[in-house]
Each structure stands twice: as C-alpha cells, then as structure tokens.
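Observations on the model geometry
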Amino acid sequence: MELNGFNCDGEGCAEEQEEESTALKLPRSKTETTCSIIATPGADSAAAGGSAPIELRMSKSTPAMLRLDSLKKNRPPFPWFGMDIGGTLVKLVYFEPKDITAEEEQEEVESLKSIRHYLTSHTAYGKTGIRDVHLELTDLSLWGRKGSLHFIRFPTHELPTFLQMGRDKHFSSLHTTLCATGGGAFKYEDNFRTLANLQLLKLDELDCLIKGVLYIDSVVSSGLSECYYFEHPTEPDRCEQRAYNLENPYPLLLVNIGSGVSILAVYSKDNYKRVTGTSLGGGTFLGLCCLLTGCSTFDEALAMATEGESTRVDKLVRDIYGGDYERFGLPGWAVASSFGNMMCKEKRDSVSKEDLARATLVTITNNIGSITRMCALNENIERVVFVGNFLRVNTLSMKLLAYALDYWSKGQLKALFLRHEGYFGAVGALLELTNPF
Amino acid sequence: MALSGGADRGSHSMDKSITLPPDEIFRNLENAKRFAIDIGGSLTKLAYYSTVQHKVAKVRSFDHKAKETDGDPLYEISVQEEITARLHFIKFENAYIETCLDFIKDHLVNTETKVIKATGGGAHKFKDLIEKKLKLKVDKEDEMTCLIKGCNFVLKNIPHEAFVYARHADSEFRFQNTHPDIFPYLLINIGSGVSIVKVESEDKFERIGGSSIGGGTFWGLGALLTKTKRFDELLQLASKGQHTNVDMLVKDIYGGAYGSLGLTGDLIASSFGKSATTDKEFSKEDMAKSLLHMISNDIGQLACLYAKLHNLTRVYFGGFFIRGHPVTMHTITYSINFFTKGEVQALFLRHEGYLGAIGAFLKGAEEDNPNQYSWGENYAGSSGLMSVSPELNPVQRARSGTFDMLEMDRLERQLVNLPLLQDPTSYIPDTVDLTEDALSRDYWLFCFEDALDGVVKRAVASQKDQPEAVERAEKFRQKYRHKLQTLRHQPFAYGSLTVRSLLDTREHCLNEFNFPDPYSKIKQKENDMALKYYLKVVKSVEELSWEQRQFTLVKGLLAGNVFDWGAKAVSDVLESDPDFGFEQAKQQLQGMKTFKLSHNNDKILNHKLFLTDK
C-alpha cells in the first residue's frame, strides 16, 4: 500500500496503523494518556503549571514503544496543513517541525523548504494574509515530531492568489494530502485540482470543529489558558477575564460564529448534533456595517463600533416606558427595538457611523445570545462555548454575550471562550492527515 | 413592545379631512358610552358601546289545534321594536385623530360617560388633546393586558377569527374552526420590538420572552439602507427584491447543498453576507428583501424555540409588522414551517389590529359584564379583512377612505357548543367552503346577486304602509351588492365564506335598513294556511296502512324540503308558478331521478334528509 509516497507493508503494520489512528481520533481521553500518541500533558504537569508542558507523554511500556516505532513509518509526509475555507475567511494551520536533523534537512526537497521558510519568516502574506503570531503553539508534539503550530488567515476571495502561490512553489510535487474543511473545500475542489494540481481531502466542518476544540484544549493547559470566561459579567467595573478548566466539558453547547452561526450540542467526543443555526452572524455584522458606514474590513468595522454609542440608534425600554417596564420585569436599559430610533428622520440624521456600527454589533451579538440561551434551555445544557472569527479581537461582543447569558438566565448559564476562536475547524482538518481516504 | 411615537408622520398632516361622511363611520354616537382608544405608531383604534333600536319580526301566535273553520289567523307575526347592545370599533390613521375627536364631541349626547380608557404607545402623546376635546378623563391601561384581553375576546366570539396564510395555495387564507377551549396559546406581538406572551387562561398570562429585532428594526434599518421613509413603501420594495443578491447562501459557500446536514443550497447562511465580501452597489429592493427575510426568520426561529420550551402548538402573530401585510405573513409562515418542520403553524387573526382597543374597552366595561354574553360580528357594519390594504386593493382603499370598522352585536343568548356533539372541534356545520371552492363561490355569489331584486321587492312589500321603505330598500340593495362584490374579490373578508354567511350578511344588511324580515308577510300567509291543513293531513296519514304511511311520510318529508332542491331551482319554480303547492311538489318528486340537482347542492340535500324529523 502506498500512500503519498509513504510505504507501509506487512499486515501487522496495517493493524498497528489502524490502532494508531483510533488513538489519534481520541485526543481527549485523558484517562488513557499512556496509550495516546497525541501530546497530552498529564494531570500532574498541568497542576504543576510547568512552562514547557507540551511533550509527548510516553510510558516505558513496550506497546507504546512499538507504536512510536510504527508511527515513524506511518507518519504523513511533510508539509502538515489543515485548512478551513469559510464563507468569508480561509483559516490555515501549519505545523512547522523544529526537530529537523541535519540529515533530514539535506534530504528536504527545495519546495518544502521554501514553503516552510515563506510561512515562518513572515507574519503577513500579500495584502490580506495574516499570521496570528500570538496564537502560535510552540513546543508542540505531533505524531512524534516536535514543532510549532502556526495560525494563518486570509479572505476567501483571495483563494486564487493562494492557489497561484501553491502552483509557483510546486506544492503538488510534494504529493501531500491537503486536508480541507468548510464549504469552500467542496465549492473550490475543482479549482484546487485545475489551478494547483492539488487533490483535497474534504472533511465535514462540524466534525473538524469539535475535534479541533477538544485537541487544542487538551494540548494547551498552562500558561495562557485556552479556555476563559468573564467573572462578574454584569458588573462592568469588576468584569474580568479568568481562566477556565474545561476538563469535563460534556454536555456542552458549542456556538460557532463565522459568517453565519451554527449551534451544536456536544454530549461526548463523537456524539454531537447541530441544534440550529442563524443567518445573523459575523457576515451580517460586517455586511451591514459596510452598507451603513462604507467601511470594508472587519477590523475597521470593529474599531468604529468601539467608538460608537448604540443607545442613539436603538430604542430602549426606558425610551418607551420612561423607566423599567416593571409589569414584565424589563429593565429600562434593555433594548426594546434594535434600530428603533432610526424610524425617525431627525434621529437618522443625527447618528454617527460609529453609532451605527456599534448598534449593528450589539444587535447581532444580543440576538446570538438570545438564541443560544433558548437552545441551552431546550437542550438542558448550562455550559456554552463560543468560537468563531466573529469574536476575534472582539472583547465587546464577548463581554456582551457573557453579560446577556448571565443576566437573562439569572446566573444559570456560563459563557466560555477559547483563545484560538476561529481556527478549530482547520486544526480538526489537520488531525485527519493520518487518516487519509 | 408597541411602537411609540416614532412615526414619520408630522403634525402637518393633522388637518386631513375625512373623505367619507363621518356618520357612516362613527355610527350610533347618540347613545354611545364607555369609550376606549388605542393609539399606535400610525393607527388609532377607537372603541365604544352603543345600543341600537331596531325592528324584529316575532311570532305572536301559533295555534295548531284550532279548527280549520275558525276565521281568526292561526299564525301571526308582529314587528316589534327591540334594543340590542352593539360594540363599535373604528381604525384610522393618526393624522385624522383631531378631526375624529371633533366629530365625536359634536355628536356625543350621552353625559354619563366620564372617562376614556387608553392604551398603546401613542396614548400619552395624545392625552391632552383627548382630554381637551372630549372632556373625558384619560385612564391609561397596560398595553399587554389589553392586547391579551382583546385576543381572548375575538378568539371566543368570532368564528373563523384565526387563519393560516398560504400565499401560493388556491385560497390564501385558511380559516380555523373555533376551538371551544382557546387556551393555552402563544401570542407573538411584533411591534417595533417583539413580545412573546404565553396565555394560559382568561386572567393568567406571562411575557416569557421577546426580541429587540422587530418591526422597528425593519423600518429603522430599512430607512437607513434604502432612504425610504415609510413602512408600507419598504414592504413594497421588499416584495420586488431578490434577497439572493445580498445574502450569502449555503450554495455560495458550498457550491451546492451542505448534504450531511440536510441544508439545501438555497438556505441563507449569512444575511447580508454578500455585502461584506463584494464591493458593489446593491439595489434598494434587494436590500429591503434581505432585511425582511432576516427579521422574519429570526422572529420565527425565536417563536419556535419558545413554543418548544413551553410545549405550545397554537402560535398567533400580531403587531404592526404583520397587520394585513401578505408579504410579512408569508415570510413569517415560511420561517415557522422551516424551523418546526411543519409541526407548528403560524396563525394570524382577522381583527388583530383591534385587540388593544377591544381589551381597553373591556377593561372599562367590566360592570356591563361583556364577557358574559356572546357577541357576533355584524357583517353589515364591518369592513372585513384587508379592506384598506393598499397592496391588495388600491381601488377599494380609495373608495372607503382609510377607515376600517368592526361592529359586534350582543346575541340574545350565550352561544355554547351543542352538548350532543361528539367532538365540537371537528364539527363543521357548513358543507361547502366557498373560500376554497372557486366554482361554487361564483355560482352562489351569482345566485345571491340574481335574487337581490326579488328580495328588495319583498322588503318593500313587507312594509307597504311605510312610504320611505322604497328608499331604504334601495340602500339595502346597494349595501348588499357592494358586499357581494367585495366577496367576489376578497372571499376571505369575513372568514370562511359559506352559504350561511351570505345569508347572514344579507340579514345584517336588511336589519341595518330596518327590514327585520322581508318574508314575514309570505310566512304569515303560508304558515297560516299550513296550520289550517295540519289536522286534516295528520288524520289522513293516520288512516293509512303502516307501509303506506311510511311512504307518505317520506314523500311529504322530501316535498317539505323542496327548498333543498336548490335555492335557485325553487325560486325559479315559485316565480314562474305562484300557485305551486305541496301536492305539486310531491308530484315533482316522482321525477326525482331525473331532477337535475343544482351545482353542489346534493350534499345539503342528503344532510338535511337525515336530520329532518317532523
């Protein structure tokens, strides 16, 4: 059997491989750390809070040694990529091996070297590609190799440029599998083949998302915690970000806010369902902001929103009732009608672009909070993890979600966030590299 | 949450004059009392109670034991004056409010009225004006409480109040049978924001949730995006747009469907998603449509989540976002179908716009115990669904001004379900629904219009002693003909259209012009005659052998049901041969097999045959 230039022979080997891949599919099984190949720091090192916790934990038992041995053979060839092609953004994760021996380096083909250098020596690619350096995971062990995981994003409409680059750098000559998820994996499959001579391994985005979340959470457990929440979310002066230990995560409501929103109920690592979704997501925020303010990027829109005041745009309960609507327990500050003040011409003329951007952000965020809360109630789940690129550098929305969930559930629901907010699908795709076809 | 004051109408339009003679709108003001007013963002709804004096035809004597030879009439009908209670509800644009108040002030005679109940977001804005003009103290009532009270009232009293909307079906409106138990239900009120209320009984309801994305969002955001000011115009724009130009669909991301999740390619993945990634101009129509979908879907989704959490299946939608707008009823219906996979149906109400006013009125009329009586919609005095909907009927709108009316009469007795019915919910008294059956509808509307001259003639004849009867009869003719014309274009105007409702409408119109029963003279003559023959017939039947007797009874029964040959067929026979009698009717029965039944009348015939037992 030959897979991408990698030889595997003998029945025993095939069996081993199957077992390995099963192990790889179960990244979170902390109780079975001894037989897990994926880097999972043991409970002890997590408690100790060591500075270099990410290492391959191995028992000295012979089966594990055997596995490592077979892993070497079964290991996918470099480069290791995972891709998530969404409606607005392409998310790319790249594993950069740092343990390359001199011998290996000599054997390394030119195109591979070129890709590695290009990606790791830049933080921006072209006008729109960006490497989120602050998210980089260093000293990571993956499939027996040590290295860094890089997180890169660029707009989906720049995909042709990316493919051209892949062609220029002779990516296809590496015979690697490119694992891709997100709608674009399906939509652009033909483009990958015709423009860059690349064959995609298409993966389901929700499968990848959950795999990615569980994996990242399992490998990052000290230093900057992956998972966090806001303490005292309803008191702006005391509201503070705190680390959260997501050790026993189930059941969990996972809300992915990309261009649109998907809400998943996760009961175990391989038991989940998509509860619902909404089309009012990050794409709506940016789309409306572009139309209302003439801005063109998410960061611009967000910067404006930070400066604006939504109460000039929205009609609040107190605007209608003069104060709280006590009969129904509605506080005066609650929004009664999003953009409600804009029914009136004088008020339309007096608001700023910043106000409009802020109101758009608040409207979309509150709505996601509201739908999420109803799903949590219907599914009887108390923990909610929000992910997706809408939350990137968007503390405003995160605090608002934390506030809304806490306030309207009277403290029953907890809003959790993850540092690698938008990259989990791509990470999940990367993990499928050992499991091709 | 109701829309408050934010409307774009300036006070400059306050001087608009009423286009119709206002005494046709604010009727029976002379003895009006118990006023209530509901002032929304653009429409005012006024309610009052009045009593109407009108003639009723009553049987004075009925004697079937009398001897044939007696000279005295055996059957007598007399016309009496009677007073009934009537509820009036009038809806008009806020711009007319001052003119209307002036008119009411000038015509209000009753002095016992001291307060006017007021609700709605605009109530405080017009408080001073109302108090100054009417010299009534404005007494504010909670909006939501009024809304729910009104909703309970219409659901209980008005048959076919609720309907399902299906834009592309043969009949857009599918009216629901009145359920004997209206509780529990969910009311989603889409004003400028959205309120979701769970109603469990007459007095128990709870606002279980809401959303700030509502009608105000459509209006406000729509005005910003399209520079179009009016709500109606925004809806018009939306109905012409293509949302797929602005929204990012599943297929825009996937190239096709997202198969493993069963999400079809045409689903909206991200509202306004294309305007985030494409740098181009978008048309006003397309943006308005995208906005409409975004808001409708969002409200529908929340409604479904709340319905599921509280295990409720009856979900009514109201508020100015919905009010008479086919566009929004369609998008909300679509959304509910999508999110519940058809398990929950979106229900709308014919008199949704009046709920607040009805509720406020009921609050003020508690000592009259209006809830202890049954009230029936007066078809003569009510405008019917969509009478002022510009998108549906621009001509109609111009003709009737912008006033919409609802009148309800107190019924003599409280209506209850027949206790013998096995399942009152599934019992439908009318065999043919003319709303759904276009062919039958045309036929029956033609029949009633065709028979109108005859009815007018009889009406005049029934009041020979009154010279002005001719004029009144002519007014009746115009009114009823207009109703028939309306029903031809809007068969859904008063709920399910049936032969019964056409007869009721005619009766209401006749009553309005003081013709309690045009047939009273004929009835008197014929019944008198029938009673004279009664004893003789009974005797002759008794003398027959058992078998003969059965045949005679069946024949008699069929002949007695001669009207069920078809109203038109019978009236043709009777018109052409005034002496057509019972014996002739029995003769006709011999040819029954070849008698061509009038269109669709066979059902009625069978139905009656088994029920009639004299």
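These figures come from a predicted structure and were not determined experimentally.

1. Regarding the nonpolar core
Core analysis: the biggest nonpolar cluster contains 103 residues, and A:Phe386, B:Ile188, B:Phe218 and B:Phe317 have the highest contact counts within it. Per-element tally for this core: the top contributor is helix H8 (residues 284-309) of chain B, with 13 residues.

2. Section: helix H6 (residues 159-168) of chain A
Residues and elements named next belong to chain A. For H6, the full list of buried residues reads Leu159, Phe162, Leu163 and Gly166. Looking straight down H6, one finds its buried side chains confined to an arc of 100°; they lie on one side. Residues of H6 that are buried sit in contact with strand E3 (80-85), strand E4 (89-97), strand E8 (145-155) and helix H8 (189-196). One or two steps after H6, the chain reaches histidine 170, where phi turns positive at roughly 55°.

3. Topic: unusual backbone geometry
Of note, the bond from A:Tyr250 into A:Pro251 is cis; its omega dihedral lies within 30 degrees of zero at -10°. The omega torsion across B:Phe183 and B:Pro184 is -10°, close enough to zero to call that bond cis. In this structure, B:Pro184 sits in the loop between strand E7 (173-175) and strand E8 (185-190). Of note in this structure, A:Asn197 is not a glycine but carries a positive phi near 55°. With respect to the secondary-structure elements, A:Asn197 resides in the loop between H8 and strand E10 (200-203). Assessed through its relative accessible area of 55%, A:Asn197 is described here as exposed.

4. Concerning the side chain of B:Asn94
All names here are of chain B. Along the chain, asparagine 94 falls in the loop between strand E3 (75-93) and helix H1 (97-107). Exposure remark for asparagine 94: the relative accessible area of 10% places this residue in the buried category. Here glycine 40 takes part through its backbone oxygen, which lies 3.0 Å from a polar atom of the side chain of asparagine 94.

5. Things to note about the environment of B:Val456
Residues and elements named next belong to chain B. Mapped onto the fold, valine 456 is located in helix H13 (residues 452-462). Taking C-alpha positions, valine 456 is 9.9 Å from phenylalanine 515, a pair spaced 59 residues apart along the chain. If we ignore the near neighbours within four places in the chain, the residues touching valine 456 are Ala473, Phe476 and Arg477.

6. Some thoughts on the packing of helix H12 (residues 438-450) of chain B against helix H15 (residues 499-512) of chain B
Residues and elements named next belong to chain B. Two elements in contact, H12 and H15, have axes whose closest approach is 11 Å; the angle formed by their N-to-C orientations is 25°. As judged from the angle between their axes, H12 and H15 are roughly parallel. In this structure, H12 crosses over H15, and the sense of that crossing is right-handed. Residue-level inspection shows Trp444, Leu445 and Phe448 of H12 in contact with H15, the latter providing Val499, Leu502, Leu503 and Arg506. Of the residues in the contact of H12 with H15, the class split is six nonpolar, no polar and one charged.

7. Side note on the confidence of the model for chain A
Mean pLDDT over chain A stands at 84; residues scoring 70 or higher make up 82%. Segment residues 1-61 of chain A is flagged for pLDDT under 50; beyond a separation of four residues in sequence, or across chains, it makes 88 contacts in the model.

8. Points about the pattern of salt bridges
All names here are of chain B. Counted under the stated rule, the structure contains 48 salt bridges over all chains. The partner of arginine 86 in a salt bridge is glutamate 407, with the nearest N and O atoms 3.3 Å apart. One end of the pair, arginine 86, is in strand E3; the other, glutamate 407, is in strand E16 (residues 404-410), and 321 residues separate them in sequence. Taking relative accessible area as the criterion, arginine 86 reaches 11% and is therefore assigned buried. Judged by relative accessible area, glutamate 407 falls into the buried class, the value being 2%. Taken together, the shared-partner salt bridges in this structure form one network comprising Arg27, Arg86, Glu407, Asp409, Lys479 and Glu512.

9. Here we look at the side chain of B:Ser383
All names here are of chain B. One can find serine 383 in the loop between strand E15 (375-377) and helix H11 (394-400). With relative accessibility at 16%, the residue serine 383 sits in the buried group. Looking at serine 383, its side chain comes within polar contact range of the main-chain nitrogen of methionine 405, at 2.6 Å.

The rules behind each value
- Residues numbered from 1 in each chain as written.
- Chains lettered and ligands numbered in written order.
- Predicted model: local features only at pLDDT ≥ 70, side-chain atom pairs only at ≥ 80, totals over all residues.
- Heavy atoms only, no water.
- Core = buried A, V, L, I, M, F, W, Y, C linked by side-chain atoms within 4.5 Å.
- Buried < 20%, exposed > 50% of the residue type's maximum accessible area, 1.4 Å probe, protein only.
- Helix = DSSP H or I, 4+ residues; strand = E, 2+ residues; numbered from the N terminus.
- Arc of directions from axis to C-beta.
- Contact = heavy atoms within 4.5 Å.
- Polar contact = N/O pair within 3.5 Å; in protein donor to acceptor, adjacent residues only side chain to side chain.
- Axes fitted to C-alpha atoms, helices over the stretch in contact; angles between N-to-C directions.
- Parallel < 35°, antiparallel > 145°, perpendicular 65-115°, else oblique.
- Left-handed = near helix turned anticlockwise from the far one by under 90°.
- Nonpolar A, V, L, I, M, F, W, Y, C, P; charged D, E, K, R; others polar.
- pLDDT = per-residue confidence, 0-100.
- Salt bridge = Lys/Arg side-chain N within 4 Å of Asp/Glu carboxyl O.

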